[in-house]
2 protein chains.
Amino acid sequence: MERVRCKKLIDKIMSADEAAMFIKNNSIVGTSGFTPSGYPKALPAALARRVENGENIQIDLITGASVGPELDGILAQKGIIRRRYPYQTNPDIRNSINSGKIKYNDIHLSHSAQYLKYGFLGQIDTAIIEAVAITEDGGIVPSTSVGNSNVIVECANKVIVEINTWQPQELEGMHDIYSTSNPPLRKSIPIINVCDRIGTPYIPCNPDKIVAIVFSDITDKTNKVAEIDHNSKLMAENLISFLKAEVNKGRLPKDLLPLQSGVGSVANAVLGGLCSSEFSNLYFYSEVLQDSALDLMDCGKLVSASATSLTISPERLDDFYRNISNYKDKIILRPQEISNNPEIIRKLGVISINTAIEADIYGNVNSTHIMGSKIVNGIGGSGDFARNAYISVFTTQSIALNGRVSSIVPMVSHVDHTEHDVMVLVTENGVADLRGLSPKERAELIIENCAHEDYKKMLWDYYISAKNKTNNSQTPHILREALSWHERYLETGSMK
Amino acid sequence: MERVRCKKLIDKIMSADEAAMFIKNNSIVGTSGFTPSGYPKALPAALARRVENGENIQIDLITGASVGPELDGILAQKGIIRRRYPYQTNPDIRNSINSGKIKYNDIHLSHSAQYLKYGFLGQIDTAIIEAVAITEDGGIVPSTSVGNSNVIVECANKVIVEINTWQPQELEGMHDIYSTSNPPLRKSIPIINVCDRIGTPYIPCNPDKIVAIVFSDITDKTNKVAEIDHNSKLMAENLISFLKAEVNKGRLPKDLLPLQSGVGSVANAVLGGLCSSEFSNLYFYSEVLQDSALDLMDCGKLVSASATSLTISPERLDDFYRNISNYKDKIILRPQEISNNPEIIRKLGVISINTAIEADIYGNVNSTHIMGSKIVNGIGGSGDFARNAYISVFTTQSIALNGRVSSIVPMVSHVDHTEHDVMVLVTENGVADLRGLSPKERAELIIENCAHEDYKKMLWDYYISAKNKTNNSQTPHILREALSWHERYLETGSMK
Ligand SMILES: CC(C)(COP(=O)(O)OP(=O)(O)OC[C@H]1O[C@@H](n2cnc3c(N)ncnc32)[C@H](O)[C@@H]1OP(=O)(O)O)[C@@H](O)C(=O)NCCC(=O)NCCS
Ligand SMILES: CC(C)(COP(=O)(O)OP(=O)(O)OC[C@H]1O[C@@H](n2cnc3c(N)ncnc32)[C@H](O)[C@@H]1OP(=O)(O)O)[C@@H](O)C(=O)NCCC(=O)NCCS
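Residues numbered from 1 in each chain as written. Chains lettered and ligands numbered in written order. Predicted model: local features only at pLDDT ≥ 70, side-chain atom pairs only at ≥ 80, totals over all residues. Heavy atoms only, no water.

Comments concerning the nonpolar core
Condition: By nonpolar core is meant a set of buried Ala, Val, Leu, Ile, Met, Phe, Trp, Tyr and Cys residues that side-chain atoms within 4.5 Å join together. Burial here depends on accessible area, computed with a 1.4 Å probe over protein chains only, as a share of the maximum for the residue type. Under 20% is buried, over 50% is exposed, and the range in between is partly exposed. Contacts are residue-level and defined by heavy atoms, with any inter-residue pair within 4.5 Å sufficient.
Counting residues in hydrophobic clusters, the biggest one holds 164 residues, and the most contacted among them are Ile140, Phe320 and Ile331 of chain A together with Ile140, Leu274, Phe320 and Ile331 of chain B. For Ile331 of chain B, the contacting residues outside a window of four places in its chain are Met174, Arg197, Leu289, Leu294, Met297, Ala305, Leu310 and Phe320 of chain B.

Structure below.
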């Protein structure tokens, strides 16, 4: 109860079942949540109960990014989600999307915030925001992520706050909430250093907009730390050697520039590798902070980290919360409109490290689709970072599915990052530095340095035939064969 | 002579042939020039003469964007260009690129400036900059374009200035030169209105870096105004109706937001259409200003225009120069690092209008390649604008080559603008507003509203088969058929 510091809101406290009655059929619902952190957990269950009891409810669901099973999972299972923006990773949602049950628009995360403000995605009716507290004036103190929460609160007709008492109040003070105006009134965003604070530690909200407050006590379903496998370690070594060489050539400052990285095994290996490297005074300007960021702080290498989500593994969480004061002044959680903003990423000169599902010999990257048709997750923030980075790196293992698939192909089956946006490609086999090269030079480097031995000859064969067939044109392709590797996989189970 | 106001530079005046001796074999040369305007004309001819006289000279050529025949044309013909960045439109260059003689890296125009500063493209040895004057302190006053000139001067070992007396001195004062620092020292760019001036009217240059000054008197080879054909008129009408509807829905201010548009028939038709529309108080934040911008100023609709190049047709030029004082305070010419800067484009909320060679049913756009392999021009600034625009529009005729080719295809043969970046597609047949839609919804809209009658059924057939074959997945494709239309064209001369 002490968590609701705005006295006039006390009488808005109710059960999740009562609050869920505010959600209308056919409406747009926006929630907190980013990379299974800080999403509402009690309200979706209550909404699902309405449907179990026979009501017909369909909503469009807008979040920051991916959320946990208590939201995406249960609502997808009950068939409650009609549309979904802007990013997801939940298996139930994914299956519903790939069978046409849910309409999914895969949006750059930084764009999603402004599309909401511009009204491009419709009028949000209800916001559901997980919080650790409500301030004296109705300000909402987010929990482990900010995502689009501030924008959703700003745009929604009404707001439901889910206060999660499992989330410690000490999170208060970590957030920095700032919202841009719409053009023509937009100003420069006054961040010029990773750790600049420019806003408020809570989401401003007119208390009259808050129609319900619900208490919950359910943990974030964050992911376990991905094991660092052998190939991830090799990729990390390749990448760190590349960065060292850039410093030696005078093309990067000796303390590097702020780093962004995705999640998963390679990211962990890279950040682990930095821990034991000669680099120090590091900064992160990223989307998500994981255990590896805490490790880098512990070893004194990471000065400050900005992100929009804190997704600490279950194993590490107790320790983190016990020692939160050690970390608090080093971590800033911002809205994704800011964490992923082109203006800031370009100003700071972020080094971005993202994952490809597959890359082609000319440097185009597919981050979202399997064999052209099935979506995995979505583009997330990878485009925001890659396009605006000082150096944009993509990593991928050279093969997938036990070698039945080559992740280096003649032509990717879907393009998320074009040849214009991919500067460096890293696999366990090596690095292809594509900057300034023509497509044909890129192809030779990617095949030689990055592809797997089992597929090298096939790639050379394709490339040389394409060169001959097109009289050595800018980007040689034999269109009949360009996607034949994928077809072969679909037909035989292997690209070989 | 009065044009060289820095007295100590007077003795650097020499003939083009003498100045051309400063250019070294195997070196990187950066020049002024953007969309056939403001490029050096006497120096390249002198360089070509050295080769005609038996010398072996190979250079990497970096410009702002496309330049005229006196530079790209002659140097390509003589085989002098080894590498070319970042954009070209010259037939000789294009042929050399598409036969493997010139290595071409097709870079977002706003990226090209910072790649130079970061050292990613190598050390520029010689800068050759067309100017209308040199100031008392050695400042270089550009002529009809800025492009990358300021960055090239900043990065080059030595500078040759080509003073073109055909270009009127009254151009002085139109430019606003501002250069960003490299991270970690980069600041926000203080432009919040189209007409904000933030820099100097000349390119700052240490006079000691200027090794030669050459006089020339050769006109820019700007293009004639493209005739507005029937289909361009229809596309413009479709687009203007769309913008009106957005205003009516409250999703655009009544005076719109700053406009960017490419060049050519459609752009002319759109800008012509605005002249006779109810819109007023318009602003341009674009790359290139053409005759149509002057028309819009004449009819009192265009308040102010910012670009990096002024490419007035030969027919209109005399009139423009006679009345330059009417236009001068309404036009700002900026470096392309600024005209195309994501930070500013997003801050101002630019409405971007660019051209597609082809688009696919899911909203991916190809702006650069014919049938996947041959490059036309390059991505230019279209990516800078489309990715950061308030609304990003792509226009294309629904068919090309007299109907033997559909510009709406199952899958584009090259991707420059991904499904994540294309909000609105316009053809002569109609508009597809893709915002917020799933790929399948986009496909239905694009086929129905944008495709040509002759290809509609074929597109529906592909789409429905793909849906069936992939069990209604996110982005249904039959990879064996996805590029078969292009193959058919290559084999039979028609997609039908
Ligand atoms: C690209 C991305 C899907 C990779 O995720 P990951 O967990 O590192 O990769 P995995 O190796 O587990 O691959 C994911 C799936 O794709 C499959 N896959 C990977 N490479 C493949 C390939 N070349 N061909 C076919 N399938 C492939 C894997 O088998 C796996 O399938 P499964 O879940 O059925 O086992 C993920 O990083 C992503 O969603 N990126 C986009 C968003 C983003 O970059 N966000 C963070 C930065 S801001
Ligand atoms: C896309 C682009 C090439 C279109 O140019 P355009 O002059 O309007 O288009 P055209 O209709 O003349 O087409 C150019 C060529 O492509 C061919 N073409 C056009 N559509 C085609 C299609 N769908 N399939 C095959 N060929 C096609 C035309 O026949 C023409 O060939 P030709 O020169 O041999 O006659 C041009 O706008 C461009 O380079 N854009 C990228 C850069 C940019 O957008 N810059 C400005 C904004 S910042």
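Thoughts on the packing of helix H2 (residues 42–52) of chain B against helix H3 (residues 69–77) of chain B
All names here are of chain B. Note the threshold: Fitted lines through C-alpha atoms serve as axes, helices being fitted only where they are in contact, and the angles separating the N-to-C directions of these axes extend from 0 to 180 degrees. Only DSSP runs of H or I reaching four residues or more are called helices, and only runs of E reaching two or more are called strands; each is numbered from the N terminus. If an angle is under 35 degrees, it is roughly parallel; if it is over 145, roughly antiparallel; if it lies from 65 to 115, roughly perpendicular; otherwise it is oblique. Helix crossings fall into two classes, left-handed where the near helix is turned counterclockwise from the far one by less than a right angle and right-handed where it is turned clockwise. Classes in brief: Ala, Val, Leu, Ile, Met, Phe, Trp, Tyr, Cys and Pro nonpolar; Asp, Glu, Lys and Arg charged; the others, Gly included, polar.
Packing of H2 against H3 brings their axes to within 8 Å, and their N-to-C directions diverge by 15°. Classified by the angle between their axes, H2 and H3 sit roughly parallel to one another. For the element pair H2 and H3, the recorded crossing hand is left-handed. Touching Pro44, Ala45, Leu47 and Ala48 of H2 are Glu70, Leu71, Ile74 and Leu75, all from H3. Residues of the contact of H2 with H3, tallied by class, amount to seven nonpolar, no polar and one charged.

Observations concerning the site of ligand 1
Residue and element names in this part refer to chain A. Here is the rule: Nearness here has a simple test: a residue counts as near a molecule or strand if at least one of its heavy atoms is within 4 Å of that partner. Within 3.5 Å is the distance limit for a polar contact, defined as a pair of N or O atoms, with the added protein rule that one can donate a hydrogen and the other accept it, and that residues adjacent in sequence qualify only through two side-chain atoms. Values of accessible area rely on a 1.4 Å probe in the Shrake-Rupley scheme; residue burial ignores everything except the protein chains shown.
Lining the immediate environment of ligand 1, one finds 20 residues, of which Glu287, Asn354, Ile357, Asn377 and Gly378 sit closest. Between ligand 1 and the protein, one listed contact pairs an oxygen atom with a side-chain N or O atom of Tyr87 at 3.2 Å. Separating a nitrogen atom of ligand 1 from a backbone N or O atom of Ile357 is a distance of 3.0 Å. Burial of ligand 1 by the surrounding chains reaches 65%, relative to a free accessible area of 960 Å². Here the shell around ligand 1 is built from residues that sort into nine nonpolar, 10 polar and one charged.

Remarks on the site of ligand 2
All names here are of chain B. Taken together, 20 residues form the shell around ligand 2, and within it Glu287, Asn354, Ile357, Asn377 and Gly378 come nearest. Contact distances for ligand 2 include 3.0 Å between a nitrogen atom and a backbone N or O atom of Ile357. Asn377 is positioned such that a nitrogen or oxygen atom in its side chain is 2.7 Å from an oxygen atom of ligand 2. Protein contact buries 65% of the 950 Å² of open area that ligand 2 shows by itself. Its residues assigned to classes, the shell around ligand 2 comprises nine nonpolar, 10 polar and one charged.

With respect to the domain arrangement of chain A
All names here are of chain A. So the rule is basically this: For each domain, the first and last residues come from an automatic or database assignment. Once two parts are brought into contact, the accessible area they lose, counted with a 1.4 Å probe and summed over both, makes up the buried area. Counted as salt bridges are all cases of a side-chain nitrogen of Lys or Arg within 4 Å of a carboxyl oxygen of Asp or Glu.
When the domains of chain A are assigned, the result is domain 1 (7–216) and domain 2 (230–492). Measuring from the centre of the C-alpha atoms in domain 1 to the corresponding centre in domain 2 gives 29 Å. With 52 residues of domain 1 at the contact, the number on the domain 2 side is 45 residues. The contact between domain 1 and domain 2 buries some 3,800 Å² in all, and 59% of this surface belongs to carbon and sulfur atoms. Three residues, Met174, Ile189 and Val194, lead the burial of domain 1 against domain 2; their summed loss comes to 20% of the area buried on that side. Taken together, domain 1 and domain 2 are joined by two salt bridges. For the salt bridge of Arg334 with Asp176, the shortest nitrogen-to-oxygen distance reads 3.2 Å. The interface formed by domain 1 and domain 2 holds 33 residue pairs in polar contact (both at pLDDT 80 or more) in total. Counting residues per element, the side of domain 1 that touches domain 2 draws most heavily on helix H5 (residues 109–118), which supplies five residues. For the side of domain 1 that touches domain 2, the per-class residue count stands at 21 nonpolar, 22 polar and nine charged.

Concerning the UniProt feature "domain: Acetyl-CoA hydrolase/transferase C-terminal" (unreviewed entry) in chain A
Filter applied, for reference: UniProt positions are given in the numbering used here, feature names are shortened, and annotations may be inferred rather than shown by experiment.
Here the UniProt-annotated "domain: Acetyl-CoA hydrolase/transferase C-terminal" (unreviewed entry) positions come out as residues 319–461 of chain A. Helix and strand shares over residues 319–461 of chain A are 33% and 25% respectively, and the end C-alpha atoms of the span are 54 Å apart.

Some remarks on the sheet that holds strand S17 (residues 365–366) of chain A
Heads up, the condition is: The criterion for strand pairing is that DSSP finds at least two bridges linking the strands in question.
Read from one edge to the other, the open sheet built from three strands follows the order S17-S16-S23 (chain A), with strand pairing classed as mixed. Edge positions in the sheet fall to S17 and strand S23 (408–409) of chain A, since each has one partner strand and no second.

Re helix H16 (residues 453–469) of chain B
All names here are of chain B. Put simply, the rule reads: To estimate the expected span of a helix, count its residues, drop one, and scale the result by 1.5 Å.
For H16, spanning 17 residues, the distance from its first C-alpha to its last is 25 Å, which sits close to the expected 24 Å at 1.5 Å a residue. Close packing links the buried residues of H16 with strand S21 (399–400), strand S22 (405–406), strand S23 (408–409), helix H15 (439–450), helix H17 (479–482) and helix H18 (484–492). Of the residues one or two after H16, Asn471 is the one with positive phi, at around 55°.

Brief notes about unusual backbone geometry
A cis amide bond links Tyr85 of chain A to the next residue, Pro86 of chain A, at an omega of -20°. Looking at the secondary structure, you find Pro86 of chain A in the loop between strand S3 (81–85) and helix H4 (91–97). Cis rather than trans, the peptide bond between Pro183 of chain A and Pro184 of chain A has omega equal to 10°. Relative to the helices and strands, Pro184 of chain A is located in the loop between strand S7 (158–164) and strand S8 (210–216). The phi angle at Asn281 of chain A is positive, at roughly 50°, despite the residue not being glycine. Relative to the helices and strands, Asn281 of chain A is located in the loop between helix H8 (265–275) and strand S10 (282–285). Classification of Asn281 of chain A as partly exposed rests on a relative accessible area of 40%. With a phi close to 50°, Leu401 of chain B is a non-glycine residue in the positive phi region. Mapped onto the elements, Leu401 of chain B comes out in the loop between S21 and S22.

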